[in-house]
Amino acid sequence: SAPVAAEPFLSGTSSNYVEEMYCAWLENPKSVHKSWDIFFRNTNAGAPPGTAYQSPLPLSRGSLAAVAHAQSLVEAQPNVDKLVEDHLAVQSLIRAYQIRGHHVAQLDPLGILDADLDSSVPADIISSTDKLGFYGLDESDLDKVFHLPTTTFIGGQESALPLREIIRRLEMAYCQHIGVEFMFINDLEQCQWIRQKFETPGIMQFTNEEKRTLLARLVRSTRFEEFLQRKWSSEKRFGLEGCEVLIPALKTIIDKSSENGVDYVIMGMPHRGRLNVLANVIRKELEQIFCQFDSKLEAADEGSGDVKYHLGMYHRRINRVTDRNITLSLVANPSHLEAADPVVMGKTKAEQFYCGDTEGKKVMSILLHGDAAFAGQGIVYETFHLSDLPSYTTHGTVHVVVNNQIGFTTDPRMARSSPYPTDVARVVNAPIFHVNSDDPEAVMYVCKVAAEWRSTFHKDVVVDLVCYRRNGHNEMDEPMFTQPLMYKQIRKQKPVLQKYAELLVSQGVVNQPEYEEEISKYDKICEEAFARSKDEKILHIKHWLDSPWPGFFTLDGQPRSMSCPSTGLTEDILTHIGNVASSVPVENFTIHGGLSRILKTRGEMVKNRTVDWALAEYMAFGSLLKEGIHIRLSGQDVERGTFSHRHHVLHDQNVDKRTCIPMNHLWPNQAPYTVCNSSLSEYGVLGFELGFAMASPNALVLWEAQFGDFHNTAQCIIDQFICPGQAKWVRQNGIVLLLPHGMEGMGPEHSSARPERFLQMCNDDPDVLPDLKEANFDINQLYDCNWVVVNCSTPGNFFHVLRRQILLPFRKPLIIFTPKSLLRHPEARSSFDEMLPGTHFQRVIPEDGPAAQNPENVKRLLFCTGKVYYDLTRERKARDMVGQVAITRIEQLSPFPFDLLLKEVQKYPSAELAWCQEEHKNQGYYDYVKPRLRTTISRAKPVWYAGRDPAAAPATGNKKTHLTELQRLLDTAFDLDIFKNFS
Amino acid sequence: FRKASEEAFSGSAQPRPPSVVHESRSAVSSRTKTSKLVEDHLAVQSLIRAYQIRGHHVAQLDPLGILDADLDSFVPSDLITTIDKLAFYDLQEADLDKEFQLPTTTFIGGSENTLSLREIIRRLENTYCQHIGLEFMFINDVEQCQWIRQKFETPGVMQFSSEEKRTLLARLVRSMRFEDFLARKWSSEKRFGLEGCEVMIPALKTIIDKSSEMGIENVILGMPHRGRLNVLANVIRKDLEQIFCQFDPKLEAADEGSGDVKYHLGMYHERINRVTNRNITLSLVANPSHLEAVDPVVQGKTKAEQFYRGDAQGKKVMSILVHGDAAFAGQGVVYETFHLSDLPSYTTNGTVHVVVNNQIGFTTDPRMARSSPYPTDVARVVNAPIFHVNADDPEAVIYVCSVAAEWRNTFNKDVVVDLVCYRRRGHNEMDEPMFTQPLMYKQIHRQVPVLKKYADKLIAEGTVTLQEFEEEIAKYDRICEEAYGRSKDKKILHIKHWLDSPWPGFFNVDGEPKSMTCPATGIPEDMLTHIGSVASSVPLEDFKIHTGLSRILRGRADMIKNRTVDWALAEYMAFGSLLKEGIRVRLSGQDVERGTFSHRHHVLHDQEVDRRTCVPMNHLWPDQAPYTVCNSSLSEYGVLGFELGYAMASPNALVLWEAQFGDFHNTAQCIIDQFISTGQAKWVRHNGIVLLLPHGMEGMGPEHSSARPERFLQMSNDDSDAYPAFTKDFEVSQLYDCNWIVVNCSTPANYFHVLRRQILLPFRKPLIIFTPKSLLRHPEAKFSFDQMVSGTSFQRVIPEDGAAARAPEQVRRLIFCTGKVYYDLVKERSSQGLEEKVAITRLEQISPFPFDLIKQEAEKYPGAELAWCQEEHKNMGYYDYISPRFMTILRRARPIWYVGRDPAAAPATGNRNTHLVSLKKFLDTAFNLQAFEGKTF
């Protein structure tokens, strides 16, 4: 059928010989060249193209016989139509430009390196007239008119063109300052779309108005850096010099997207050019930027702050080009390159979610990258792999690579194993537009197409700005040591502004005085802002907030109260949620027999007014949903749960891919619940969820590690964002990390979530006893901390801490060490009584057995946290020491519950104090708890240790050793003489 | 679905302009018979090309027949899946029996040049649409494409002799019965069995056989847990009783380390390959649960083995990496490792990647796990061919594997074999997969095991008899039973039997160090002078360096003249002297050639000739060991893993990874946590890797200030509360017992010594060095040759040696510190004129903690208050580590006060002013002799 017949030419099927010969020619030019003579002779004699050519060794089989055969064909059919051949040749030629034109495009403004490391010149691109021979054409064919195939748009209105013109137009489209890589995309519509955008004659024309706007933007971009250079010549600012075109590029993407309906753009970028983007794209007030350069300015006391080229920003304004409202935000980021990528994506997803933008028509993300990091950092790949997953897609991101052609001091040849830094985009079939950044109009055009691509197909696209770095890695660095020739060329390189201004002046679009006026106008703006910046007495990090939460805080940015209501629920809510959790709310839905059993057990628990871990979580989530709080639980295999206890998504056993999420069937007007299995990534996914949680305080966003120890591949997100985020950027974040933790004899992996590491990063002082009498002590303590670390020993407390996370008047990251074996432990159940109105999260669960009734008889008070409690009580019972040893659980480890623990210690005046943990001594909680307990009791008594010895690995791999160690620590815990001889 | 419908839209539903073929043909208004012939030939060529490009989309890759292995489920319209699709090419049924000349880009003709269209299609279907799916047409190299086409298109190329089939069957028997045996004996133990991908054993063995045939002598493997025991048993040939006794929960561990679970352990085995009769060494690198983390480690080890064998082209040593489908798509380290594959100092000249494609990740559907059609698309980034194969067709698998091995040997590039299989059980043997994948598992329960299928086929063919087959099974079952019997005799588990990298000759036969002493690390003065003069010169003729660099070299020469060194020179001396002793030195990391702080300059660049460089370190001595300094890609996880692997291969090399800034180490945290800190405890293997982590609070903001020493110290395995026994070899035995060494040198000379000590020690431990930034150029941080000449050694503690030390009884306060803050303290002390009242002692080796020397120092100043001063925040730096250890050595009799910044969430402030204020504040405290009056401890 005619319509689909286009496809073979799309895939280049007719040009296969030719293509292959080109490559063969590269391999062995001489022999192949000879064979071309045969080819030409045969074709001139009229042999059909398929038979005329026999390739030389090593490609051919039985070439002599084949040639003989071809010759016999020639003799038999002397009148094969040359016209057909030539048409097919021309189609091959067009296809060659579409596929390989980017290899010869003039992408490097310096003209030294090729932007791709593969420096061969394809033989099928007509870089000189003699290469026409490649197609069996010669100079005389240049003026023949050829019909154009439908896979090209170079004809414009015309359906036929002379060969000369065809080549000229292809060169214009593919071999000038734009290199288009797209033919690997396996979708005809998308390929046609791109071809139309680049091949249509005259499509890249700009009005005078557009040119003047572009020039003005270049003026701002260039003069901003020059201004900083003039004023603070010895300050690091990671200026944009050599890629000034980035500013108009980003503005074009934003203008175009705004035109297509986008009203919120979220950006992420590294340090280079960041100040310029803040000033000229986001439109941060200049004085706010300038005063950051004043090293004597004191910080307001909101946090410890960050350097100026890491800060974020949020700004809402009218887009001047489209006259529409647009909100721009640049996400604050650390030095760890590309780490902000998933954070930006997560924030974008959240904003789309909150405005019901399921197709990404209103909110979009732009990510900027450096060339070396784009190729080097695995997080880039992880982020790309999120791009098309239902619960993680942002419906297309525009990636802009600031391709300096160097990474600090490292040559690209030592920095990547692929021709371009952008090859990662091929993994997800995103088109890649390379462009010479010294051609501002080409850059604008490419950016415009990229924005249109995104709004048309809602897929990722990459703009590779091939540029240079005029200075060293920073302004203080000497690049000549390691890149002498490149930098010699750079010294000679005329700045792009000057080049472009000269062009426009020569075109008569602007005149010299106008241009100079534009410059002095902007310089004056800078000078005035500079003068105003001198009046600033203090730095406010809050001016740099990237995600304001309107309405959540008071106008001063303070919490609306310093108290937390009860986190309990009424019995009927508990029962209702429990009933849904133990049922299948959809008709005709067959679940697995094993799951029916699980649900039945749940039903019984609800009847008995008890909950296990999974039910407690259900209650917490379900009740928050009722209150309009969106809940999102993301991570590897979270839908079912690593330990097969959660089952939030039911699967019909008979109908493929039919699922049911009972949590979304709780109440008529509930908030939506999202539970999503992520890709097998931690770094990317945790970053994504952090970004999601940034967008709004009215959502409970949880990331669960498959096992707690996997958090360390996302260590950068924890270290650079979660722990210090508020201190650096005054932005709060209520993300919850669920980290399965516990020593169960399963080996060094999967045992420990490394609580010691989280506790070490807490910002409280072990040696300072806070004022325990202060009103709202517990809330103040929470308000002052950088994150909350808990290890709950009962489902009820887990329920409360999850609810507290939302009921608090501020947001802090919450780290929860969650149990594994306790999920099914018959004693690890809580009664509804512990969850009713008036109940709340217990930071400490005091001993409440016989020991508590006669505290004066108690010889030892054991403190512990988490699962070891159950081992201890079992052992205590076995040893019949319930009167002698009290066991008190610390549920909230940080901030440390000084107040409650002091009470506990005072209650048992004659008891020795000991800390018991199942983790090794240099791990777990001991190093954190001990000095704080000592402070609590004013160092009046020692705090003994009962637990495993220090170790390099978190747990032994030997089951027997595990059990021996466990017994030993229990022995220590209950041997009342063991500490006698120590001081 | 979304993708499918998109495709439907673009592929057929969309109204499309008239076809190219059509149009070009209409240009030829008078259509002659000849032109029809031409057109049809071209059409046939298009058709062939379509199969080559897109055949894999319709190949029968999924043994379950449910999912397509690619998530892109459309059927390309240019493949002749039904007769009517011939029309796509303007061909019709009548053309099927016409003969066509074959183009040179296909090998389907075999010795024939023409074939009927019917036969062409049949042969293309055979090649591209059966159980093998080939993705290779994206490779921009005709020779490589032709090679692949020839391997798969040539008729009859995939034929096996009876002998080969019987070998394959026997291997399948082993693979299958091994798992059956384990399932029978230990039905409730996790073992991450291979069921559903039993074919992996013959697959790996084929790759190894084939590679051995082509000259490979050493194969280094990395793989996740699934099927690992089977690979150990049947590929590496670990003694079965060693494996079985791991299942005995009551067996005690020998005391060599804390050990690891059986499906993580590594192995090293040298044997004769039965097929090629050549010696082959196989090693499987131990790994953690963190999937794919072992990839760069395997590559580094492979690179090292190639280096030591002088195998520059990878002809003798190769690596095989086995991946799971979900991790291959999910983990960034996969991408980072691929980007190392073609870098001069990191390439292993081609790796064979085998993906065990379960079509599921634990409980997660592939559609929720990746954004690309196949899990293998990452290989496209480096233009590696990808061979998908249906794992239920063992012969196809074996064929693909032998081609992959040949590819690697021919082109020395990476290649991917994607074994599309299934997982007969849940994620582990205890897991119920029906909850989440009901329909897939219904099909799996019906699925005939591959062994049965293949045996039936061979019996039907007459290649084996049923009796022979049953005998083969019984034979292997007996082997297992016997080994099981023997495993019962084991009384103890030895982790050392699972060592993946033995270092023959380095330890004594019991695996113990040959001595427990470390010689002096100083070197003769003439050697210092010689190295120094090379370090300050350009050893090549006509080599023009930058004038700024000339100044630097001149500065170095002046230092040598004055018998002093700065940091860069001290490093030069250490490296240079080790090279003389035959120790290979490799320094890798981002921008290490010049150094982040532009102080090192180990590679000189000719300012006139492009890419002409000179590494003076390689011009030191005639017979020196080679020095490698290499800028890495902008990766930490991948590169640190690589260097760790490199350091595993031999103890006689100093392998250093330098972070661009110390805080970047946390993107490689997994390598540090899972391999460096715990490697010896888990796997009894030593590793002498050195981490250079630039660290120091210089007011540059929260980033780039701290290398997080507190984290490394927290992971040190010594007991803070145990009072040590001061034996004669205390210093060395303390080093022997630790899991790693953490130092922060305050002088270049000490840095020199600690680097040399790393090699002169009779064992290997990872060494973490916090290196300075501003001290690199600090005028006072220069030191005399006297501290480096023969007889001198690394100083774990540098005691006060000024006025205070001469009259210790006068001293009111003894400040302990480490690293750069020392210079601030000394300056402040002198400005306050407190030289006699305040002594300052530097802790250079923080862990293992130098209890002995600290005790001496504390006792020397009986009347002094003790204080610890650090510039880091209180919950960071060293305080939490040193404080309890001080208390122990002081027997809790005297306090050690804290002087430094308050606890904080971020490692440093972003405000310059705050930085200076807090510095001033703690310096004031340090020298305020009343500061701690009235405080309790």
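Note that the coordinates shown come from a computational prediction; the quantities given were computed from them, not determined experimentally. (Residues numbered from 1 in each chain as written. Chains lettered and ligands numbered in written order. Predicted model: local features only at pLDDT ≥ 70, side-chain atom pairs only at ≥ 80, totals over all residues. Heavy atoms only, no water.)

## Thoughts on the interface of chain B and chain A
Then step 1. Between chain B and chain A, the contact holds 180 residues from the first and 182 residues from the second.
Then step 2. For the pair chain B and chain A, the summed buried area comes to about 15,400 Å², and 53% of that belongs to carbon and sulfur atoms.
Then step 3. The salt bridge involving A:Lys488 is made with B:Glu608; its shortest N-O contact spans 3.6 Å.
Then step 4. Inspection of the region where chain B meets chain A yields 70 residue pairs in polar contact (both at pLDDT 80 or more).
Then step 5. With 11 residues, helix α3 (residues 33-54) of chain B is the largest single contributor of residues to the side of chain B that touches chain A.
Then step 6. Partitioning the side of chain B that touches chain A into residue classes produces 66 nonpolar, 69 polar and 45 charged. (Contact = heavy atoms within 4.5 Å. Buried area = accessible area lost by both parts, 1.4 Å probe. Salt bridge = Lys/Arg side-chain N within 4 Å of Asp/Glu carboxyl O. Polar contact = N/O pair within 3.5 Å; in protein donor to acceptor, adjacent residues only side chain to side chain. Helix = DSSP H or I, 4+ residues; strand = E, 2+ residues; numbered from the N terminus. Nonpolar A, V, L, I, M, F, W, Y, C, P; charged D, E, K, R; others polar.)

## Re the sheet that holds strand β3 (residues 178-181) of chain A
Residue and element names in this part refer to chain A.
Then step 1. In space, the eight strands of this open sheet follow the order β3-β10-β11-β9-β8-β4-β7-β6, with mixed pairing throughout. Each having just a single partner strand, β3 and β6 (313-319) make up the two edges of the open sheet. Here the average twist between neighbouring strands, direction ignored, is 20 degrees.
Then step 2. Pairing analysis gives five bridges linking strand β4 (residues 264-268) to strand β8 (residues 363-370), with the strands arranged parallel. (Pairing = 2+ DSSP bridges. Axes fitted to C-alpha atoms, helices over the stretch in contact; angles between N-to-C directions.)

## Some words on the pattern of salt bridges
Then step 1. Under the definition given, this model contains 108 salt bridges over all chains.
Then step 2. Residue A:Lys256 pairs with A:Glu452 through a salt bridge whose shortest N-O separation is 3.6 Å. In this pair, A:Lys256 sits in helix α10 (residues 246-259) while A:Glu452 sits in helix α16 (residues 440-457), placing the two residues 196 residues apart along the sequence.
Then step 3. The partner of B:Arg177 in a salt bridge is B:Asp180, with the nearest N and O atoms 3.4 Å apart. Of the two residues, B:Arg177 and B:Asp180 are both situated in helix α6 (residues 162-185); the distance of three residues between them amounts to about one turn of the helix.
Then step 4. Residue classification places B:Asp180 among the partly exposed positions, given a relative accessible area of 23%.
Then step 5. Put simply, B:Glu179, B:Arg191, B:Glu195, B:Arg425 and B:Glu429 are held in one network by salt bridges that share partners. (Buried < 20%, exposed > 50% of the residue type's maximum accessible area, 1.4 Å probe, protein only.)

## Section: the packing of aromatic side chains
Then step 1. In total, this model carries 76 aromatic pairs over all chains according to the counting rule given.
Then step 2. Both rings, one in A:Trp613 and one in A:Phe798, keep their centres 6.2 Å apart while their planes meet at 35 degrees; by these two values the pair is tilted. Of this pair, A:Trp613 sits in helix α22 (residues 613-626) while A:Phe798 sits in helix α28 (residues 795-807); the two residues are 185 residues apart in sequence, bridging distant segments of the chain. A:Phe798 shares its class with A:Trp613; the two are buried.
Then step 3. For the ring pair B:Phe181 and B:Tyr484, a centre distance of 6.0 Å and an interplane angle of 75 degrees mean the geometry is edge-to-face. Highlighted residues: B:Phe181 in helix α6 and B:Tyr484 in helix α16 (residues 466-487), separated in sequence by 303 residues.
Then step 4. Overall, the relative accessible area of 0% leaves B:Phe181 in the buried class.
Then step 5. Ring pairing ties together the aromatic residues A:Phe224, A:Phe227, A:Trp232, A:Phe290, A:Phe293 and A:Phe530, which thus form one cluster. (Phe/Tyr/Trp six-rings, centres within 6.5 Å; stacked < 30°, edge-to-face > 60°.)

## Thoughts on the nonpolar core
Then step 1. Of all hydrophobic cores here, the largest spans 403 residues; its most connected members are A:Phe290 and B:Phe244.
Then step 2. Contacts of A:Phe290, omitting those with residues within four sequence positions, involve A:Phe224, A:Phe227, A:Leu228, A:Trp232, A:Cys526, A:Ala529, A:Phe530 and A:Ser533.
Then step 3. Counting 84 residues, the second largest nonpolar core, distinct from the first, contains B:Ala535, B:Val585, B:Val592 and B:Phe783. (Core = buried A, V, L, I, M, F, W, Y, C linked by side-chain atoms within 4.5 Å.)

## Side note on the packing of helix α5 (residues 142-153) of chain B against helix α13 (residues 394-411) of chain B
Residues and elements named next belong to chain B.
Then step 1. Here α5 crosses α13 at 155 degrees, and the two axes come no closer than 11 Å. Overall, the two elements α5 and α13 adopt an arrangement that is roughly antiparallel. Crossing of α5 over α13 shows right-handed handedness. Contacts between α5 and α13 involve Glu143, Gln144, Trp147, Ile148, Lys151 and Phe152 from the first element and Tyr399, Val400, Val403, Glu406, Trp407, Thr410 and Phe411 from the second.
Then step 2. Residues that form the contact of α5 with α13 fall into these classes: eight nonpolar, two polar and three charged. (Parallel < 35°, antiparallel > 145°, perpendicular 65-115°, else oblique. Left-handed = near helix turned anticlockwise from the far one by under 90°.)

## Focus on the packing of α6(B) against helix α15 (residues 450-461) of chain B
Residues and elements named next belong to chain B.
Then step 1. Viewed as axis vectors pointing N to C, α6 and α15 meet at an angle of 155 degrees, and their least axial separation amounts to 10 Å. Viewed along their axes, α6 and α15 adopt a mutual orientation that is roughly antiparallel. Of the two possible hands of crossing, α6 and α15 adopt the one that is left-handed. Touching Lys165, Leu168, Leu169, Leu172, Val173 and Met176 of α6 are Val450, Leu451, Tyr454, Ala455, Leu458 and Glu461, all from α15.

## Some words on the pairing of β6(A)
Residues and elements named next belong to chain A.
Then step 1. Note that β6 and strand β7 (residues 324-330) share seven bridges and pair antiparallel. Within β7, the residue paired with His315 across the bridge is Leu328.
Then step 2. Between the antiparallel neighbours β6 and β7 lie four residues, among them Asp323 with a positive phi of about 60 degrees.

## A word on the confidence of the model for chain B
All names here are of chain B.
Then step 1. Averaged over all residues, the pLDDT of chain B is 92; the fraction at 70 or higher stands at 96%.
Then step 2. Ignoring residues within four places in sequence, the model shows residues 1-31, a span with pLDDT below 50, making 56 contacts including any to other chains.
Then step 3. Complex prediction metrics read pTM 0.93 and ipTM 0.94. (pLDDT = per-residue confidence, 0-100.)

## Focus: the pairing of strand β11 (residues 415-420) of chain B
All names here are of chain B.
Then step 1. Judged by how many residues are buried, β11 sits mostly within the fold: six of six residues are covered.
Then step 2. As paired elements, strand β9 (residues 351-357) and β11 share six bridges and run parallel to each other. Paired with Asn357 across the two strands is Val420, which belongs to β11.

## Observations regarding the state of the cysteines
Then step 1. For the coordinates displayed, the defined rule picks out zero disulfides over all chains.
Then step 2. Unpaired in this structure, A:Cys723 has its nearest cysteine sulfur neighbour in A:Cys762, at a distance of 7.6 Å. (Disulfide = S-S within 2.5 Å.)

## Some words on helix α19 (residues 567-580) of chain B
Residue and element names in this part refer to chain B.
Then step 1. Between the first and last C-alpha of α19 there are 20 Å, a value that for 14 residues agrees with the 20 Å anticipated at 1.5 Å per step.
Then step 2. You can read the cap of α19 off the contacts: a side-chain oxygen lies 3.3 Å from the backbone nitrogen of Ala568, and it is on Asp566.
Then step 3. After α19 finishes, the residue Gly582 shows a positive phi value of roughly 85 degrees. (Expected span 1.5 Å × (residues − 1).)

## A few points about unusual backbone geometry
Then step 1. Each neighbour pair has its own omega, and for A:Ser894 with A:Pro895 the value is -5 degrees, a cis peptide bond.
Then step 2. Topologically, A:Pro895 is positioned in the loop between β26 (892-894) and α31 (898-907).
Then step 3. Note that the residue after B:Ser847, namely B:Pro848, is joined by a cis bond; omega there is -5 degrees.
Then step 4. You can see B:Pro848 is positioned in the loop between β26 (845-847) and α28 (851-860).
Then step 5. Backbone geometry places A:Asn588, a non-glycine residue, at a positive phi of 50 degrees.

## Regarding the side chain of B:Ser650
All names here are of chain B.
Then step 1. Among the secondary structure elements, Ser650 is positioned in the loop between α20 (637-649) and β18 (653-658).
Then step 2. A distance of 2.9 Å separates a polar atom in the side chain of Ser650 from the backbone nitrogen of Asn652.
Then step 3. Non-local contacts of Ser650, meaning those with residues more than four positions away in its chain, are made with Tyr308 and Trp503.

## Observations concerning the environment of A:Arg876
All names here are of chain A.
Then step 1. Along the polypeptide, Arg876 turns up in helix α30 (residues 868-878).
Then step 2. Taking C-alpha positions, Arg876 is 55 Å from His540, a pair spaced 336 residues apart along the chain.
Then step 3. Residues in contact with Arg876, not counting those within four places in the same chain, are Glu847, Met881, Val882, Val885, Ala886, Ile887 and Phe974.

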